[in-house]
Protein chains: 2
Amino acid sequence: MRASVLSDWLAQRLERGSGQPVYRQLHRLLQQAIHSRELPAGAKVPSSRLLAAELGIARNTVTQVYEQLVLEGYVTSATGRGTFVADTSPDEIVGAAEIGSIESVKTPRQLGSITGQSGLIATNSQTLPNADVLAGLPPPVAAVGADLRDGEGGSLILGVSQSLQSPQLHRPAARALSARGARLIAGAGVSKRQGGAFMPGVPDVSRFPARIWTRLHNKYWRTLRPDLLTYAPGGGLALLRHVLADYLRTSRSVRCTPEQIIITTGIHQSVDLAVRLLSDPGDTIWTEDPCYWGVRSVLHVSGLKPRPIAVDSEGINPSAADFAAPPPKLILVTPSHQYPLGMVMSLARRRTLLEYARQNQCWIIEDDYDSEFRYGSRPLASLQGLDTAGQVIYVGSFGKTLFPGLRVGYLVAPEPLAESFATASAELYREGQLLQQAVLAEFIAEGHFTSHIRKMRALYGQRRQAVLDAAARRYGEALPAMGGDAGLHVVMQLPEGSDDRAVAEAALARNIVVRPLSGYYSERERAGSGLLIGYACVPDEEIGPAFDMLGEAIDVTLPAFG
Amino acid sequence: MRASVLSDWLAQRLERGSGQPVYRQLHRLLQQAIHSRELPAGAKVPSSRLLAAELGIARNTVTQVYEQLVLEGYVTSATGRGTFVADTSPDEIVGAAEIGSIESVKTPRQLGSITGQSGLIATNSQTLPNADVLAGLPPPVAAVGADLRDGEGGSLILGVSQSLQSPQLHRPAARALSARGARLIAGAGVSKRQGGAFMPGVPDVSRFPARIWTRLHNKYWRTLRPDLLTYAPGGGLALLRHVLADYLRTSRSVRCTPEQIIITTGIHQSVDLAVRLLSDPGDTIWTEDPCYWGVRSVLHVSGLKPRPIAVDSEGINPSAADFAAPPPKLILVTPSHQYPLGMVMSLARRRTLLEYARQNQCWIIEDDYDSEFRYGSRPLASLQGLDTAGQVIYVGSFGKTLFPGLRVGYLVAPEPLAESFATASAELYREGQLLQQAVLAEFIAEGHFTSHIRKMRALYGQRRQAVLDAAARRYGEALPAMGGDAGLHVVMQLPEGSDDRAVAEAALARNIVVRPLSGYYSERERAGSGLLIGYACVPDEEIGPAFDMLGEAIDVTLPAFG
């Protein structure tokens, strides 16, 4: 396209009445002409004065568009010579291989003889090696780059056209998820539903004291506090760390100073942080079998090899073979309330575990899951509080006690590692949310947290009983409930060998969400059959009818009970 | 301690006037007596009736304490026989090794001959193998466990006392950070300061329209919306994903549907998610050299091997050797505004990079850092918008445009992978913060976002000019500024070979934060000397005086300029 042709081409396409600024239209049209090669590389574009005159628009508009195009690399501008379309064509890239050194590759024949194993190539910006060397390169060699040092050697890179691509070239795999990514997706346990009967693990957020929370929230927003709107210092807001240390010391017998507390976004991040700081890919971690699906995924993507350890009525129960195996780097347990089965780890087991870890220099991650919701007995002291070797990393969260969407959890690091944990959390996650942390700290300090827990404990205890009653009415003792006297779900046992996944699917078809127990196991031969029934988020009056629907699904799937 | 002795011991220690409930005191005292072995394992504790009478307290209180102790494993209760102190002493555990099978290990002599390589042992819950086999075990063997199957074989686990611990035992390393953990901490770039002159990367949050934000926030809290307080569905709030897709399409030429948008907590999480889904440990990633320190850490802990690629005035500039090496799995670039140097990636480079990635099946992560803050020209279109092969993962965040503590970022996944990205984000991070996402969506939809950016762009442009003016006044052209016409910092070049870290330290001693440019480089021989000077969060009137302090630090450290 010559300059006048370009003007015509543009004039035909500019839509003056369209409401779109001429600047934007002109910019887009010129890009388009360059992309389509109607304005080929090297072509001179009309001067801004000329183009403006031919299009009848302000010269300033054209100048601005040209400047933008220069910046974007579509055109280059040489003072006094004009503006030219840049060569933006990508190189023909086939593969890449390094071919000897210049020293040893001197003649075209030599070059030709090695192209069979060569790849390709250099970009526009690469300099070419000695022209003598390259003269008469055999035809398939399309381009050449070199890394010359001191004129006396270096690597030579050959480019070959697609037709010569040999099997020795790097042949990339199809673009897809990585192995760990594919495994993560295949094993994903996350549900698309986040509520309704009987979704386990979801608290009743409708009872949250929103008025109190909003009052505190507005107090902090009223006078803008820049220090609360920026990144969090490592470990989180000092005030919250203080309040939490007090709470954990008195309620959970955790031994800690505020400096040992690291605020996280929840159990997932807490475990991720501990795993990355304390283990390397290929290290073993003992996990309870069954255990929480989400944590399993976090461990897998960090390269850990879980060794699933059986649990019995006293909690984790390593076999002789487990003790005989090389010790793990990490041990992840839920002593207060085994997830998902609900039993409490006995004191004997706690002490054996602590002693084993001490002797074998393992770290223990204590997930103090649901410890606040015990309906019969008082909560047990934490494992961390029994430990004298500084080997326990205690983790907990406010997701179940306040509301899941809050995303506030915490980790208590062993004192000598507290600063490393704080640094790593800032380095890896670059957290913020300090204003929310301030609101939470005040919410706890004013006593609203414990009073909310007290209220919810009564409510959940009632709902738990309603589920147990409904189950007993329908099945007597045929389908016993496990799960101890705590938490936000019960586990209803199904007959050994029965297909709990099929039951869960039949329930879902009736709009009832239950999770099959077998899915929480790693070892198939160990897997019990049962259903996790979450009652916390189900209004009292819906529990009976919802259980009837569930019963229908059970009866249809397991006709022996029909 | 006999029963009556126990009563006396307890009576002496119960403080009735202390205000602490008797229940709690009794519970603690009994635990203490068991821990200290004053109540040894196997001892029978008095009946609740008897103890209540002797202490003059309600029987119900004693019953409850006993029940709690049973649950905690301190005592066991046998119906009709009474309550006994449990054996909670941990085993003496030295190490662990599996020793042949029962079949092949029959006599004490055989056992003795192998203890030299044996380890240890079983917990209280392990059953002992055939007593005949074990009779007369040599003295160092302290305990034995076995995994017997069908009485006809299985593994035998020997326990040996500490004294026999041989070098062949698993000898654990001292408990410490893992290799990746130690490297993370050693290389941590995070600053303890999050504001003040001239902290780079921190926007001015004091100008945030708090009143508008709070109004929207309160609207969502006024009528409690349980669906906004629970876990986020994979990908985040639908409304925000819609609003963002519109914004990114029009402002950044990103090609996307709302389904391709994944809401994250920021660049760190976006990169972490992409890396874990698309690469495996040991895979190579091309990073720009220099690049953002935080992302380097995220890559390292995920097991990636970064290959730092040089940049020049057109952005990333792979050498012939880079092209010749086996292609990377991932390529991480900042095309709009190279971090930290500030140049724009030219169109030729963009197309070469896209073509190279296409031919070699690499994924490109485009970090569209600071693209909103351009002071001269309009923002450039995204790399993602040029891509036709579905190989670009586009990431961005609201940290700089609104406020860092917000923790909202986004990722645009290639269409075929959008669902996997959404699932993985829910599975790995279990995110929430939907209410905040709703507020943000409305903030954008009502136009407050673009108007805030417009205001801040004017403000930052002014501050940027103030820094450049101060530098020019003091140093003329001796210390030129880089960083293009965009972003929240400029890079002031120092003379080649000068020690920018020493300058930064001297500045810090004067309460001025600048980051040494050399710290952003991976390859030492490539590292330029300079200072990152963040101006965004410095009030206009403080820029001059702060620069004078910085100048003092430069002059003291590099006397040639003094």
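Predicted model only: the values in this text are computed from it and were never measured. (Residues numbered from 1 in each chain as written. Chains lettered and ligands numbered in written order. Predicted model: local features only at pLDDT ≥ 70, side-chain atom pairs only at ≥ 80, totals over all residues. Heavy atoms only, no water.)

## Here's the deal with the overall build of chain A
A tally of helices and strands in chain A yields 20 helices and 18 strands. Counting only residues that meet the buried cut, chain A has 59% of its 562 residues in that class. Accessible surface, chain A: about 21,700 Å² in total, of which carbon and sulfur atoms supply 51%. (Helix = DSSP H or I, 4+ residues; strand = E, 2+ residues; numbered from the N terminus. Buried < 20%, exposed > 50% of the residue type's maximum accessible area, 1.4 Å probe, protein only. Areas by Shrake-Rupley, 256 points an atom, 1.4 Å probe, with all protein chains shown as cover.)

## Details of the sheet that holds strand β16 (residues 489-493) of chain A
Residues and elements named next belong to chain A. Pairing is antiparallel in the open sheet, where four strands are placed in the order β15-β16-β18-β17. Of all strands in the sheet, those with a lone pairing partner are β15 (481-482) and β17 (515-516), marking the two edges. Relative to strand β18 (residues 530-534), β16 runs antiparallel, the two sharing five bridges. The residue of β18 that forms the bridge with methionine 492 is leucine 531. Packing of helix α18 (residues 448-475) onto the sheet brings it into contact with β15, β16 and β18, and relative to β16 it is tilted by some 15°. Sheet strands touched by helix α20 (residues 540-557): β16 and β18. Its angle to β18, the strand with the most contacts, is close to 165°. (Pairing = 2+ DSSP bridges. Contact = heavy atoms within 4.5 Å. Axes fitted to C-alpha atoms, helices over the stretch in contact; angles between N-to-C directions.)

## A word on the pairing of strand β2 (residues 75-78) of chain A
Residue and element names in this part refer to chain A. Of the pairings in the sheet, the one linking β2 to strand β3 (residues 82-85) comprises four bridges and is antiparallel in character. What sits directly across from alanine 78, in β3, is glycine 82. Where β2 folds back onto β3 in an antiparallel hairpin, the turn is made up of three residues, including glycine 80, whose phi is positive at roughly 85°.

## Comments concerning the interface of chain B and chain A
Listed by partner, the interface residues are 134 residues for chain B and 132 residues for chain A. When the area that chain B buries against chain A is broken down by residue, the three leading residues are Arg175, Arg180 and Glu427 of chain B, summing to 8%. For the pair chain B and chain A, the interface holds two salt bridges. A salt bridge links arginine 276 of chain A to aspartate 272 of chain B, with the nearest nitrogen and oxygen atoms 2.8 Å apart. The element best represented in the side of chain B that touches chain A is helix α14 (residues 347-360) of chain B, accounting for 11 residues. The residue inventory of the side of chain B that touches chain A, partitioned by class, reads 67 nonpolar, 42 polar and 25 charged. (Buried area = accessible area lost by both parts, 1.4 Å probe. Salt bridge = Lys/Arg side-chain N within 4 Å of Asp/Glu carboxyl O. Nonpolar A, V, L, I, M, F, W, Y, C, P; charged D, E, K, R; others polar.)

## Examining the nonpolar core
One finds Phe198 of chain A together with Phe198 of chain B to be the most contacted residues of the largest nonpolar core, which totals 147 residues. If sequence neighbours within four positions are ignored, phenylalanine 198 of chain A has contacts with Val467, Ile512, Val513, Val514, Leu532, Ile533, Gly534, Val538, Ile543, Ala546, Phe547 and Leu550 of chain A. In this structure, Leu273, Leu341 and Phe421 of chain A together with Ala422 of chain B belong to the second largest nonpolar core, which totals 86 residues. (Core = buried A, V, L, I, M, F, W, Y, C linked by side-chain atoms within 4.5 Å.)

## Notes on the side chain of serine 297 of chain B
Inspection of the secondary structure assignment puts serine 297 of chain B in helix α12 (residues 293-301). Serine 297 of chain B sits in the buried class, given a relative accessible area of 6%. Contacts of serine 297 of chain B, omitting those with residues within four sequence positions, involve Glu427 and Leu428 of chain A together with Leu184 of chain B.

## Considering the relation of the copies chain B and chain A
Least-squares fitting of chain B to chain A yields an RMSD of 0.2 Å, with the transformation described by 0.0 Å of translation along the axis and a rotation of 180°. Seen this way, the second copy is the image of the first under a two-fold rotation axis. Scanning chain B for the C-alpha nearest the rotation axis identifies serine 302 of chain B, at a separation of 3.3 Å. By residue overlap, the copies meet face to face through one surface: 99% of the interface positions of chain B are interface positions in chain A. (Least-squares fit on C-alpha atoms with pLDDT ≥ 70 in both.)

## Topic: the environment of glycine 342 of chain A
Looking at the element boundaries, glycine 342 of chain A is found in the loop between β11 (330-333) and α14 (347-360). Separated by 276 residues in sequence, glycine 342 of chain A and tyrosine 66 of chain A place their C-alpha atoms 69 Å apart.

## Looking at the sheet that holds strand β3 (residues 82-85) of chain B
Residues and elements named next belong to chain B. The sheet built from three strands is open, its strands ordered β1-β3-β2 with antiparallel pairing. Of all strands in the sheet, those bounded by a partner on one side alone are β1 (44-45) and β2 (75-78). In the sheet, β1 pairs with β3 via two bridges, with the strands oriented antiparallel. Across the sheet, residue lysine 44 finds its bridge partner in β3, namely phenylalanine 84. Across the sheet, helix α4 (residues 59-72) is in contact with β1, β2 and β3; its angle to β2 comes to roughly 110°.

## A look at the packing of aromatic side chains
Inspection of the entire model under this criterion finds 38 aromatic pairs over all chains. Pairing tryptophan 221 of chain A with phenylalanine 403 of chain B gives two aromatic rings, centres 5.9 Å apart and planes at 70°, and the pair type is edge-to-face. A residue pair is termed interchain when its members come from two chains, as with tryptophan 221 of chain A in helix α8 (residues 210-222) and phenylalanine 403 of chain B in the loop between β13 (392-397) and β14 (409-412). Comparing tryptophan 221 of chain A with phenylalanine 403 of chain B shows no difference in burial state: the two are buried. (Phe/Tyr/Trp six-rings, centres within 6.5 Å; stacked < 30°, edge-to-face > 60°.)

## Focus: the packing of helix α19 (residues 500-509) of chain A against α20 of chain A
Residue and element names in this part refer to chain A. In the contact formed by α19 and α20, the axes pass within 8 Å of each other and the chain directions differ by 135°. One finds that α19 runs oblique with respect to α20. The hand of the α19/α20 crossing is right-handed. Between α19, through Ala502, Val503, Ala506 and Ala507, and α20, the contact on the second element is made entirely by Leu550, Ala553, Ile554 and Thr557. Split by residue class, the contact of α19 with α20 holds seven nonpolar, one polar and no charged. (Parallel < 35°, antiparallel > 145°, perpendicular 65-115°, else oblique. Left-handed = near helix turned anticlockwise from the far one by under 90°.)

## A closer look at unusual backbone geometry
Leave glycine aside and you will find that most residues have negative phi; peptide bonds, for their part, are mostly trans. Looking along the chain, the bond that leaves alanine 197 of chain B and enters phenylalanine 198 of chain B is cis, with omega of -10°. Assignment of secondary structure puts phenylalanine 198 of chain B in the loop between α7 (179-186) and α8 (210-222). That bond from aspartate 289 of chain B to proline 290 of chain B is cis: its omega, 10°, falls within 30 degrees of zero. Position of proline 290 of chain B among the secondary structure elements: in the loop between β8 (284-289) and α12. The residue serine 253 of chain A is not glycine, and still its phi comes out positive at about 55°. By the element assignment, serine 253 of chain A lies in the loop between α10 (238-252) and β7 (261-264). Classification of serine 253 of chain A as partly exposed rests on a relative accessible area of 35%. Phi at arginine 430 of chain B takes a positive value of approximately 45°, unusual for a residue other than glycine. Residue position: arginine 430 of chain B is located in the loop between α16 (418-429) and α17 (434-445). Its relative accessible area of 9% is what places arginine 430 of chain B among the buried residues.

## Points about the pattern of salt bridges
Using the criterion set out here, one finds 36 salt bridges over all chains in the structure. In this structure, the salt-bridge partner of arginine 358 of chain A is glutamate 355 of chain A, at a minimum N-O distance of 2.9 Å. With arginine 358 of chain A and glutamate 355 of chain A both in helix α14 and three residues apart, this pair spans about one turn of that helix. Residue arginine 358 of chain A is classed as partly exposed on the basis of its relative accessible area, which comes to 39%. Judged by relative accessible area, glutamate 355 of chain A falls into the buried class, the value being 14%. For the salt bridge of arginine 474 of chain A with aspartate 555 of chain A, the shortest nitrogen-to-oxygen distance reads 2.7 Å. Of this pair, arginine 474 of chain A sits in helix α18 while aspartate 555 of chain A sits in helix α20, and the two are 81 residues apart along the sequence. Here arginine 474 of chain A falls in the partly exposed class, since its relative accessible area comes to 34%. Given a relative accessible area of 17%, aspartate 555 of chain A falls into the buried group. Where salt bridges share partners, they join Asp272 and Arg276 of chain A together with Asp272 and Arg276 of chain B into one cluster.

## Here's the deal with the pairing of strand β13 (residues 392-397) of chain A
All names here are of chain A. β13 sits mainly inside the fold: five of its six residues count as buried. Inspection of the sheet shows strand β12 (residues 363-367) paired to β13 by four bridges, in the parallel sense. Looking at β13, one finds that glutamate 366 is bridged to tyrosine 394. Note that β13 and strand β14 (residues 409-412) share four bridges and pair antiparallel. Its bridge partner being in β14, tyrosine 394 is matched across the sheet by valine 412.

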